[in-house]
Amino acid sequence: MTEEATYSGPNRIFSGIQPTGNLHLGNYLGALKKFTDLQNEGWEGIYCVVDLHAITMPVEPAALQDQTRQIAAAMMAAGLDPDTSTIFVQSSVRAHTELTWIFNCVARMGWLEKMTQFKDKSGKDSERASVGLFDYPVLQAADILAYKATHVPVGEDQKQHLELSRNIAARFNQQFDAPGFFPLPEGLIEGPGARIMSLKDGTKKMSKSDPAENSRINLIDDADTIARKIKKSKTDTHGDMPETVEGLEGRPEVANLVGIYAALSGQSDEQVLAEFGGKGFGTFKPALADLAVDHLSPITQKMRELLDDPAEIDAALRKGAEKANAVAEPIIEEVRRVVGFWQA
Ligand code: AQP
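Residues numbered from 1 in each chain as written. Predicted model: local features only at pLDDT ≥ 70, side-chain atom pairs only at ≥ 80, totals over all residues. Heavy atoms only, no water.

(A) Quick peek at the site of the ligand. Close to the ligand lie 21 residues, the nearest being Asp157, Lys205, Ser207, Lys208 and Ser209. One nitrogen or oxygen atom from the side chain of lysine 205 is found 2.5 Å from an oxygen atom belonging to the ligand. Taking serine 209, its side chain carries an N or O atom lying 2.4 Å from an oxygen atom of the ligand. A total of 650 Å² of accessible area belongs to the ligand in isolation, and the protein chains cover 95% of it. In terms of residue count, the dominant contributor to the shell around the ligand is helix α1 (residues 25–40) (four residues). For the shell around the ligand, the class distribution of residues is six nonpolar, 10 polar and five charged. (Near = heavy atom within 4 Å. Polar contact = N/O pair within 3.5 Å; in protein donor to acceptor, adjacent residues only side chain to side chain. Areas by Shrake-Rupley, 256 points an atom, 1.4 Å probe, with all protein chains shown as cover. Helix = DSSP H or I, 4+ residues; strand = E, 2+ residues; numbered from the N terminus. Nonpolar A, V, L, I, M, F, W, Y, C, P; charged D, E, K, R; others polar.)

So this is what it looks like as structure tokens:
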């Protein structure tokens, strides 16, 4: 579905991270690092720990509480400042669930049936998956549009869900004869780190739910663990590091390691290969391990400090919920009026 983007409100960023399992390097480079860079470029940003999304799969209540704080700690440790950006927990702002219901009546079954993440996560037994898992992308559209966010920094895996959010926004505007009411949110996806792959299989994305612990670098891994995982990462039998970017074709594991080095060092793949092309993995892997440890250990340390005394996290989340509510509530009021709900 297409619509002239006539939205004229301010630019605003929204993004979320699920409190499910340990955050990994893919979450950091595909999301957290981008959030901080955008904040430091002056964007208004609303960043959410999406606990309503987390319960679409079974999760222990106590674990959910802990993991919610862990994600908030990671956001703060990665450089998000709760005074500059809004950091909050999704379930503390009711606009998300209310708008989801309205969007459930706008989105079409056929759109949701095409979502590959639902197919991947529900597996062969989709009849037993929760209705929430199927509806997940509609909640995601509500997350973004409850704030009329115009830009969404995410990893490449979220491209399809983002397209669905645009379709829901466009259809809402059309169905309720409210042109330009919702923006058609754009992804901020490109750039190094958009798709970090498993350290054990360069064709599979690095993921929290991969049972192979050595497939990912967790943000809470210590220096020795990071070095060991990089040393054991899969390469191939084609020989040393290629001299050119073309030489990375057909070498997904090596391309992934070069991409990680590039994203962490702020260089291009070409620059990395100018330095390491022709050298062996015995040279490249230790250099990558040092870079990863240098980059991640201050974040890990800050995360641990915050988690040792969670009062600072909780205060930031309370304040974030107030700020988020103050943006979302007037928008939901407008939505109620546009939809035609009774108002006293
Ligand atoms: N491998 C990745 N490379 C780049 N970005 C990634 N993201 C996730 N994996 C990669 C981005 O991280 C943000 C938060 O993701 P999430 O936790 O909300 O959802 P997810 O995609 O379900 O994370 P995982 O690790 O892949 O979990 P599972 O294993 O449960 O599927 C998003 O912006 C995402 O794009």
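Next comes the rest of the write-up.
(B) Examining the pairing of strand β3 (residues 86–89) more closely. With burial as the criterion, each face of β3 is covered, one bearing Thr86 and Phe88 and the other bearing Ile87 and Val89. Relative to β3, strand β2 (residues 45–49) runs parallel, the two being bridged by four bridges. If you follow cysteine 48 over to β3, its bridge partner there is phenylalanine 88. (Buried < 20%, exposed > 50% of the residue type's maximum accessible area, 1.4 Å probe, protein only. Pairing = 2+ DSSP bridges.)

(C) Main features of the packing of helix α3 (residues 61–77) against helix α12 (residues 281–308). At a closest axis distance of 9 Å, the pairing of α3 and α12 adopts a crossing angle of 130°. One element, α3, and the other, α12, form an angle in the oblique class. Along this stretch, α3 crosses α12, giving a crossing that reads as right-handed. Each of Arg69, Gln70, Ala73, Ala74, Met76 and Ala77 in α3 lies in contact with α12, whose residues at this interface are Ile299, Lys302, Met303, Leu306 and Leu307. When its residues are assigned to classes, the contact of α3 with α12 shows eight nonpolar, one polar and two charged. (Axes fitted to C-alpha atoms, helices over the stretch in contact; angles between N-to-C directions. Parallel < 35°, antiparallel > 145°, perpendicular 65-115°, else oblique. Left-handed = near helix turned anticlockwise from the far one by under 90°. Contact = heavy atoms within 4.5 Å.)

(D) Looking closely at the packing of aromatic side chains. For the structure shown, the criterion picks out 13 aromatic pairs. Pairing tyrosine 261 with phenylalanine 284 gives two aromatic rings, centres 5.6 Å apart and planes at 40°, and the pair type is tilted. Residue tyrosine 261 is located in helix α10 (residues 252–265), and its partner phenylalanine 284 is located in helix α12; the two are separated by 23 residues in the primary sequence. For the pair shown, tyrosine 261 and phenylalanine 284 are each scored as buried. Ring-pair connections join several aromatic residues into one group, and the members of that group are Phe103, Phe172, Phe176, Phe181 and Phe182. (Phe/Tyr/Trp six-rings, centres within 6.5 Å; stacked < 30°, edge-to-face > 60°.)

(E) Molecular detail of the pairing of strand β1 (residues 13–17). Most of β1 sits inside the fold, with four of its five residues counted as buried. As judged from the five bridges shared by β1 and β2, these two strands associate in the parallel manner. Paired with glycine 16 across the strands is cysteine 48, a residue of β2. The β-α-β motif built from β1, the intervening α1 and the parallel element β2 has right-handed crossover chirality. (Right-handed = clockwise from strand over helix to strand, strands pointing away.)

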